[in-house]
Amino acid sequence: MASTFGGLEIAKSGMMTYNKAIQVTGHNVANVYTKGYSRQKVRMSAMVANRSSLMVQGYGVTVDEIYRERNEYYDTKFQKTTSTYYRYDMQSYYLNKIQDKLCSGIANEGDENKDKTLLTDAFDTFYAALSNLAGNPNNGTVRRQSISVAETFASAIQSAATSLQNLQQEANDNIRITVEQINAYADKIVSINRQINTVEAYGSTANDLRDQRSQLIDELSKYCNVTVSEKMPPDGVGVPQYYVYVNGGVLVDTYTTNKMEIVQKQTYSSINDIKGCYSIQWEDGTPLNPYTNELGGQLQALFEMRDGNNGTVLQGKANAVSNNADGNLVLTITDANCNDVQQLNIPAQDGEIIINGRTYAYESFEVTVGEDGNFTYQFTLSNKVPADEATLLNIAVAGEYNVSVGRAIDMKGIPYYMAQLNEFVRTFSQEFNTVHKQGYDLNDNQGIDFFNATVAATGDNFVFTEKTDGRYSAFSSVPEADENGVFAGSYYYMTALNFSVTKKLHDNSDLIAAKGRLEDGGSLGSDNADNLQKLTELKDKADMFVYGAPDKFIQAMTATLGVDAQKSITLAKSQSDLLYSIDINRQSVSGVDEDEEGANMIIFQQMLLNQYKVLSVMNEVLDKLINQTAI
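None of these values were measured; they are calculated from a predicted model.

**Quick word on the overall build of the protein chain**
Tallying secondary structure elements over the protein chain gives 12 helices and 19 strands in all. Whereas a compact globule of 631 residues would reach a radius of gyration of roughly 25 Å, the protein chain reaches 37 Å, over 25% beyond that. When the backbone C-alpha atoms are referred to their principal axes, the protein chain occupies close to 145 × 60 × 35 Å. Residue burial in the protein chain is summarised as follows: out of 631 residues, 47% are buried. When contacts within the protein chain are restricted to residue pairs at least 6 apart in sequence, those whose partners lie at least 24 apart make up 70%. Split by element, the accessible area of the protein chain, about 30,400 Å² in all, is 48% carbon and sulfur. Positive and negative side-chain charges in the protein chain, numbering 51 and 78 respectively, have mean positions lying 7 Å apart.

Structure, rendered in C-alpha cells:
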C-alpha cells in the first residue's frame, strides 16, 4: 500500500528542488558580469521510493548535482590561442622598439629637445661634408666641420647600439618579472586545489572555486603555454590529482609546486650582450629550454627577442684538446663556418661553447689564419674543467662532434641587429681606412685610420692591421699593447658600441689625408683632393656588402626590420581575432544569458507554486480522510 503521507513527501521534494533551482538561477544572474564565471545548472532526477507487486510508485524529484556548463575543448583552444597571441604581441612590442632605435638613432639620446637623425641621414650628411671638403681641401674650418660630422655619424651608430643594449636589459628584466608571475600563479593554483578538494571531499562540487582555478589558468597562459590534466582517484577513493605542465615540465602537482628558478649567467652568448643575462631551470634542478615553441607566451617572446641571432652562430669541428701552462684545457676548432672578422660576433671572454649538448665556458680565444684563409680557433676553457668533464670532452673531440659557440636562435632579435651594425661599421671602416691611408695629409704624411674603436681598458685607439695577400692576420680575442703601448690588431675589436673617429683626427683635422701622390712620389699641392675623391666614391661602391653600397646595407637592414615588425603585428591581429571568436563560442556554452535566466526564473517560480498547490490539495485530502471520516 502506498504511504499515507507520500503525497506530502512528493510536494516537499518538489518544493526543495525548485527552490534550489531558483537559488542557482539567482546565483547566475548575480554573476552575469563576473569574469571567468560559468553558468551553473541543476541536474534533477525522479525519486523512486516504493515498490509493490503491481507498480512502482514515484516519490517526487531530487537534485543530483549542481554543475557548471563548461566545454573543455574551447578552454584548451582559448588557452593555446592566448599563449600564441601574447607571444606575437610581445614580439611586436620589441620589434617596434628596435625599429625606433635603429631608424631614429640620435646623437644625444634622452634629450627630447634634440632632433632625431636617421642613420641613413647621418651617413648622407657625413658624405655631403666630404664632398664639400673636396672643394675646399685646405680650408681648416671645413676640415674641422668634416670631422665633427663624422663624429656625429659615429655617435648615431653608438647611440643606436647603446639603445639596443638597453632594450636587451629591459627584456632580461622582464624575463625575471614574468617568471615571478608564473610562480605566483602556481602558488594560487595550489591554494585553490586545497580548497576544492576540501569542499568536494564531502560530496559537493566546488563550482565557483573551479571557475577561479580555470580563470587562473587562462591568465597564466598569457605568460607561457599551459597544459592541464586532472586525474580522478581510482575507485573514487582519495582526492583528484591536478597537474599543470609548462614546456614539458610539471609546474603544479596538486598541492606542490615545482617553480621556475632564475639563474644569472656568468657567461655571454654574443659580443655585445649585456652582463648577467638570465637563464631558467626548474626548482628540482631540471634544465628548462626556453627556445622551444612549446614554451609559448610572453616568456618565449622575451627570450627570442633578447637572444635571437637568426640562427647564425660560430660552428665547427672539435679537432683537439690540450693543456696550457695554467692547466686549463684548450679546445681547437676547425672547419668553422665563419672566416671573416666582419661577421665574427662571439664574445671575446667568458663565452659559451656547446659540445654534444653540454655547455662549457671559455676564458678567451685565439685565431690563426691558414694559407687558404680559413680560421682555426683555439678556445681556452675556464675554471680547469674537472677530470670527468675533461674525459667527456676528449671523447667528444675523438668523435668529431659539431661545436657551436652560443646557441642558434631562429629569430631576428636584438643580437641579430647588433651583429648587423657591427658588420656595417667593420666593413665600412676597413674599406674607408684602407683608402684613407693611401692618401696624404696637409703635412705630406701618409694617412692614418680615419675610423677607429676605443680600447675599453685605456680609452686608446687601435691601429688596425691590413690584410696580407687577401688574408686576415692572426689575432687574440683580448687585445694587448706592444712594447710601444700601441694596440694593433683585428677589426674584430671594433663594434657598434666603441665605433668612433680616431682621436688624432679629432685633435688635428690637418691629418685628413685628402691628397694623392705623384707617380714619382712627389708631393701635390694642399688644394689637391684626389684621395678624398676616392673616399667619396666608396659611398656608391656596389660590392662592399652583399646588399650593395653602404647606404643600401642600412636601408636593407631597416627594411627587413620593418617587414618583421609588420609581420608580428599581422600575426598578433589574426590571433586576437581568433581569440575573440573562440571566446564567443566558449561564452555561448558557459556564459550567462540574462534573458534565458529570467525565463528560467519564471519557470521555476511557477513550478514551485505548483508544489504549493499539491501540498494544499494533499492537506485537504488528509484532513477529510483523518479528521472528518475518522479512518
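Let's pick the thread back up.
**Section: the environment of Leu 331**
In this structure, Leu 331 sits in strand S10 (residues 329-334). As a C-alpha pair, Leu 331 and Asn 394 span 63 residues in sequence and 9.6 Å in three-dimensional space.

**Considering the packing of helix H2 (residues 72-103) against helix H6 (residues 297-307)**
Between two packed helices, what matters for the description is the angle formed by their axes and the separation of those axes. One way to put it is that H2 packs onto H6 with a least axis distance of 7 Å and a crossing angle of 30 degrees. What the angle tells us is that H2 and H6 run roughly parallel. For the pair H2 and H6, the sense of crossing is right-handed. Note on element contacts: H6 touches H2 through Gly 297, Gln 298, Gln 300, Ala 301, Leu 302, Glu 304 and Met 305, opposite Ser 83, Tyr 86, Arg 87, Met 90, Gln 91, Tyr 94, Leu 95 and Ile 98. Considering only residue class, the contact of H2 with H6 consists of eight nonpolar, five polar and two charged.

**Remarks on the pairing of strand S9 (residues 314-323)**
Examined bridge by bridge, S9 and strand S14 (residues 402-405) share four bridges and lie antiparallel to one another. Note that in S14 the partner of Lys 317 across the bridge is Asn 402. Summarising the sheet, S9 and S10 pair through six bridges and their orientation is antiparallel. Residue Lys 317 lies in a different strand from S10, and its bridge partner there is Thr 334. In textbook terms, the turn of a hairpin is the stretch between consecutive antiparallel strands, and for S9 and S10 this stretch comprises five residues, one of which, Gly 327, has a positive phi near 90 degrees.

**Examining a nonpolar patch on the surface**
Together, Phe 5, Leu 625 and Ile 626 give the surface a local cluster of nonpolar side chains, amounting to about 240 Å² of exposed area. Among the structural elements, Leu 625 can be located in helix H12 (residues 594-628). Judged by relative accessible area, which is 32%, Leu 625 ranks as partly exposed.

**Quick word on unusual backbone geometry**
Glycine aside, residues mostly have negative phi angles, and peptide bonds mostly take the trans form. One non-glycine residue, Thr 254, adopts positive backbone phi at about 60 degrees. Tracing the backbone shows Thr 254 in the loop between strand S5 (249-253) and strand S6 (256-257). Positive phi, normally seen in glycine, also occurs at Asp 444, with a value near 65 degrees. As for its placement among the helices and strands, Asp 444 is situated in the loop between helix H8 (414-436) and strand S15 (451-453).

**As for H8**
Since the α-helix packs 3.6 residues into each turn, any two residues three or four apart lie on the same face. Given a rise of 1.5 Å per residue, 23 residues ought to cover 33 Å, and the 32 Å separating the end C-alpha atoms of H8 matches this to within 8%. By the criterion of burial, H8 is predominantly enclosed, with 21 of the 23 residues buried.

**A few points about the sheet that holds S6**
If you trace the four strands from one edge of the open sheet to the other, you get S3-S4-S5-S6, paired in antiparallel fashion. Where the open sheet ends on each side, the last strands, each with one partner, are strand S3 (226-231) and S6. Two strands pair when backbone bridges link them, and S5 and S6 are joined in this way by two bridges, in the antiparallel orientation. When the sheet's bridge partners are listed, Val 252 is paired in S6 with Thr 257. Here helix H4 (residues 140-200) sits on the sheet in contact with strand S4 (241-246), S5 and S6, set at roughly 40 degrees to S5. Across the sheet, helix H5 (residues 207-220) is in contact with S3, S4 and S5; its angle to S3 comes to roughly 155 degrees.

**A closer look at the side chain of Asp 564**
Along the polypeptide, Asp 564 turns up in helix H11 (residues 550-590). Put simply, Asp 564 is tucked away with no salt bridge, and the nearest opposite charge, on Lys 412, sits 4.1 Å away. Non-local contacts of Asp 564, meaning those with residues more than four positions away in its chain, are made with Leu 95, Lys 412 and Tyr 417.

**Observations concerning the pattern of salt bridges**
A complete count under the given rule lists 23 salt bridges for this structure. Here Lys 539 ties to Asp 124 by a salt bridge, and the two come within 3.6 Å at their closest N and O atoms. In this pair, Lys 539 is assigned in the loop between helix H10 (530-537) and H11 and Asp 124 in helix H3 (residues 119-135), connecting sequence segments 415 residues apart. A relative accessible area of 34% means that Asp 124 is categorised as partly exposed. Notably, a salt bridge pairs Arg 586 with Asp 583, separated by 3.9 Å at the nearest N-O pair. Here Arg 586 pairs with Asp 583, and both are found in helix H11, just three residues apart, close to one helical turn. A relative accessible area of 7% means that Arg 586 is categorised as buried.

**Topic: the confidence of the model for the protein chain**
Averaged over the protein chain, the pLDDT score is 89; the fraction of residues at 70 or greater is 93%. For the stretch residues 105-109, pLDDT sits under 50, and the model shows 15 contacts to residues farther than four places along the chain or on other chains. Low confidence marks residues 112-117, where pLDDT is under 50. Its contacts with residues over four positions away, or in another chain, come to nine contacts.

**Remarks on the nonpolar core**
With 126 residues, the main nonpolar core has Phe 126 and Tyr 377 as its most contacted residues. Element by element, the count of residues in this core is highest for H4, at 22 residues. Ignoring any residue separated from it by four or fewer positions in sequence, one finds Tyr 377 in contact with Leu 314, Leu 331, Thr 332, Ile 333, Ala 336, Cys 338, Leu 344, Phe 365, Glu 366 and Val 367. Counting residues in hydrophobic clusters, the runner-up holds seven residues, among them Tyr 18, Ile 22, Val 24 and Val 42.

**Let's talk about H10**
Taken residue by residue, H10 has Asn 531, Leu 532, Leu 535 and Thr 536 as its buried positions. The arc that holds every buried residue of H10, seen down its axis, measures 145 degrees, which confines them to one face. Of the surrounding secondary structure, the elements contacted by the buried residues of H10 are H3 and H8.

Cut-off values and rules
Residues numbered from 1 in each chain as written. Predicted model: local features only at pLDDT ≥ 70, side-chain atom pairs only at ≥ 80, totals over all residues. Heavy atoms only, no water. Helix = DSSP H or I, 4+ residues; strand = E, 2+ residues; numbered from the N terminus. Rg over C-alpha atoms; globule rule 2.2 N^0.38 Å. Buried < 20%, exposed > 50% of the residue type's maximum accessible area, 1.4 Å probe, protein only. Contact = heavy atoms within 4.5 Å. Areas by Shrake-Rupley, 256 points an atom, 1.4 Å probe, with all protein chains shown as cover. Lys, Arg positive; Asp, Glu negative; His and termini not counted. Charge placed at Lys NZ, Arg CZ, Asp CG, Glu CD. Axes fitted to C-alpha atoms, helices over the stretch in contact; angles between N-to-C directions. Parallel < 35°, antiparallel > 145°, perpendicular 65-115°, else oblique. Left-handed = near helix turned anticlockwise from the far one by under 90°. Nonpolar A, V, L, I, M, F, W, Y, C, P; charged D, E, K, R; others polar. Pairing = 2+ DSSP bridges. Patch = residues over 30% accessible without salt bridge, like charges linked within 9 Å, V, L, I, M, F, W, Y side chains within 5 Å. Salt bridge = Lys/Arg side-chain N within 4 Å of Asp/Glu carboxyl O. Expected span 1.5 Å × (residues − 1). pLDDT = per-residue confidence, 0-100. Core = buried A, V, L, I, M, F, W, Y, C linked by side-chain atoms within 4.5 Å. Arc of directions from axis to C-beta.

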